[in-house]
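# Topology and contacts: notes
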Amino acid sequence: MCEPESLCLLGATGSIGCSALDVIRQHNRRFSLHSAAAHSNVQKMAEISREHPNAKLALFDKNSALELQKITGKNVLAGMDGLLELVSECDLVLNGLTGSVGCEPTLKAIECGKKIALANKETLVMAGAIIKEALKKNPAAKITPVDSEHNAIFQCLAGRGTEEVENLLITASGGPFRELPAEKFSQITLKDALNHPVWSMGKKITIDSASMMNKGLEVIEAHFLFDIPYEQIKVAIHPQSIVHSLVQFRDGSLMAQLGAPDMRIPILCAMTFPERLFLETKRISLPEIQNLTFYEPDFKKFPCLSLAYKAGKAGGTRTAVLNAANEILVNAFIQEKISFLDIPHGIEHCLAKIEEQHGELNLEKILFVDFSAREEAKKFVEKKCWNT
Ligand code: NDP
Ligand code: MG
């Protein structure tokens with residue numbers, strides 16, 4: 001029998017991480033957990049360690065790493081260095097970190113020529129051009145998307161060239177405010193925004209889904225993953241969330257991938273493509289579906305989607321500004337410091353304030369802009385707090 005593939009799971013304690021752990025539970029001869037990393041969730045990491053005694057561990061937060069070390073008796077790595085060390089030692093990396101912290105481990109995995117199942121969309125939004133360059137320089141490395149829409153497109157494309165593609169159609173559930181009139185958006189509370197109608201996910205992506213920034217980030221993610229111009233990437237609201245995305249080919253054919261809204265499906269696919277392994281999950285019954293509806297998004301009600309297209313089309317460091325500002329503003333909304341409508345206002349403010357870095361794009365410039373946008377967004381939040 002072949003040796004199991006060793007998996008480094010970044011973001012092991014999160015929503016993607018838990019789904020990935022279930023996938024490897026179902027395929028424990030095919031995969032072994034080489035390592036698990038998270039930010040500071042000591043209890044969950046201790047549980048993972050009990051289930052996978054040989055797995056190496058890392059926590060970004062140094063004090064939490066020491067605490068986990070005491071509980072498990074294992075050496076626990078800490079900080080970004082810890083994450084990067086784990087990434088360099090395994091066969092396959094699943095990046096389920098949330099936010100821009102996912103960027104450096106992705107780059108490291110590419111440099112080490114790893115197979116990468118990528119859920120962390122912020123990596124591509126922030127530094128898509130740099131990731132593409134790194135992939136060119138390290139042809140052994142491969143990224144397979146975990147995000148359900150991109151995984152669907154990846155399956156529909158099945159390696160076809162971009163010249164055969166007319167449009168990518170990214171579906172969106174529309175989130176909890178799909179039918180809420182625009183004049184009621186000023187009254188949206190944190191509880192309302194965390195109440196996603198279909199998917200159960202981490203807090204940041206749940207708020208991004210409510211503002212439709214998640215779809216905006218996914219448009220940018222698709223642009224970099226599949227090398228398709230923004231003009232050919234469309235968003236279709238599809239409340240049932242059964243069609244995970246579609247590709248319109250130049251011969252008029254439309255290919256779609258359908259399935260239950262369960263992230264374990266794209267996770268397994270990204271880990272094993274082009275093979276398909278058995279997965280214990282709900283099967284879609286066509287007679288049960290009855291209706292599949294699709295319609296155009298409302299860009300006025302959801303300005304985050306327009307801002308993402310605008311930043312994507314402008315290129316350069318604009319998507320890094322968008323991403324960094326969004327992270328700070330979403331976090332402030334989660335802490336109930338700003339209103340839901342302050343999220344797009346704050347992003348627009350940061351995009352106007354942070355100047356473009358001209359000349360060749362590199363990681364230093366991206367990190368500089370990321371830092372500046374965060375500082376600007378924090379100032380915006382403080383000002384809002386004084387005014388209320
Ligand atoms: P969660 O908030 O549920 O989990 C985030 C994970 O990242 C946790 O393990 C957290 O650790 C860890 N983490 C956060 N910051 C750091 C850090 N600085 N260093 C190390 N680890 C860190 O997020 P999700 O699982 O929902 O999302 C993960 C990514 O996948 C996001 O980019 C999201 O956009 C994408 N995605 C998620 C989907 C979903 O269904 N959830 C669907 C499609 C894409 P700790 O618990 O210790 O804080
Ligand atoms: Mg998605």
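Small disclaimer: the values here were computed from a predicted structure and weren't measured.

Here the focus is the layout of surface pockets. Taken as a whole, the second largest pocket holds about 750 Å³ of empty space. What lines the second largest pocket is a set of 28 residues, and nearest its centre among them are Leu135, Lys142, Ile143, Phe154 and Leu225. For the lining of the second largest pocket, the element with the most residues is helix H6 (residues 122-137), which contributes five residues. Classifying every residue of the lining of the second largest pocket by side-chain character gives 18 nonpolar, four polar and six charged.

Bringing the coordination of the magnesium ion (ligand 2) into the picture now. Within the protein, Asp147 (OD), Glu149 (OE) and Glu218 (OE) serve as the donor atoms for the magnesium ion (ligand 2), at 2.1 to 2.2 Å. Donor residues for the magnesium ion (ligand 2) sit on one chain with the sequence pattern D-x1-E-x68-E. Taken as a pair, Glu149 in helix H7 (residues 148-157) and Glu218 in helix H10 (residues 213-226) lie far apart in primary sequence, 69 residues in all. Side by side, Glu149 and Glu218 carry an identical accessibility label, which is buried.

Most of helix H9 (residues 203-211) is tucked away, with seven of its nine residues classed as buried. For H9, the set of buried residues is Lys204, Thr206, Ile207, Asp208, Ser209, Ala210 and Ser211. Those residues of H9 that are buried lie in contact with H6, helix H8 (190-193), H10, helix H13 (303-314), helix H14 (318-334) and helix H15 (342-353). Immediately beyond the C-terminal end of H9, within one or two residues, lies Met212, with a positive phi of roughly 70°.

A few words now on the nonpolar core. With 89 residues, the main nonpolar core has Leu168, Leu322, Leu329, Phe340, Ile343 and Ile347 as its most contacted residues. Per-element accounting of this core gives the leading share, 11 residues, to H14. Among residues more than four places away in sequence, those in contact with Leu329 are Ile338, Asp342, Ile343, Gly346, Ile347, Ala377, Phe380 and Val381. One finds Leu33, Ala36, Leu92 and Met263 within the second-largest nonpolar core, a separate group that totals 34 residues.

On to the site of ligand 1, then. Close to ligand 1 lie 24 residues; Thr13, Ser40, Asn41, Glu122 and Gly202 are nearest. Taking Ile16, its main chain carries an N or O atom lying 2.9 Å from an oxygen atom of ligand 1. A total of 900 Å² of accessible area belongs to ligand 1 in isolation, and the protein chains cover 87% of it. Across the shell around ligand 1, the residue classes tally to 10 nonpolar, 11 polar and three charged.

Taken in spatial order, the seven strands of this open sheet run E4-E3-E2-E1-E5-E6-E7, and their pairing is parallel. The sheet is open, and its two borders are formed by strand E4 (76-78) and strand E7 (142-145), each paired with just one other strand. Averaged over all pairs of adjacent strands, the angle between strand axes in this sheet comes to 25°, irrespective of strand direction. Where helix H4 (residues 79-87) meets the sheet, its contacts fall on strand E1 (5-10), strand E2 (31-38), strand E3 (56-59), E4 and strand E5 (92-95), and the angle it forms with E4 comes to roughly 120°.

About the cut-offs
Residues numbered from 1 in each chain as written. Chains lettered and ligands numbered in written order. Predicted model: local features only at pLDDT ≥ 70, side-chain atom pairs only at ≥ 80, totals over all residues. Heavy atoms only, no water. 1 Å grid on protein atoms, 1.4 Å probe; cavity = no way out; pocket = protein on both sides within 12 Å on 5 of 7 lines; lining within 4 Å. Points joined across faces, edges and corners; volume = space filled by probe spheres on them. Helix = DSSP H or I, 4+ residues; strand = E, 2+ residues; numbered from the N terminus. Nonpolar A, V, L, I, M, F, W, Y, C, P; charged D, E, K, R; others polar. Donors = N, O, S within 2.8 Å, 3.2 Å for Na, K, Ca; no water. Buried < 20%, exposed > 50% of the residue type's maximum accessible area, 1.4 Å probe, protein only. Contact = heavy atoms within 4.5 Å. Core = buried A, V, L, I, M, F, W, Y, C linked by side-chain atoms within 4.5 Å. Near = heavy atom within 4 Å. Polar contact = N/O pair within 3.5 Å; in protein donor to acceptor, adjacent residues only side chain to side chain. Areas by Shrake-Rupley, 256 points an atom, 1.4 Å probe, with all protein chains shown as cover. Pairing = 2+ DSSP bridges. Axes fitted to C-alpha atoms, helices over the stretch in contact; angles between N-to-C directions.

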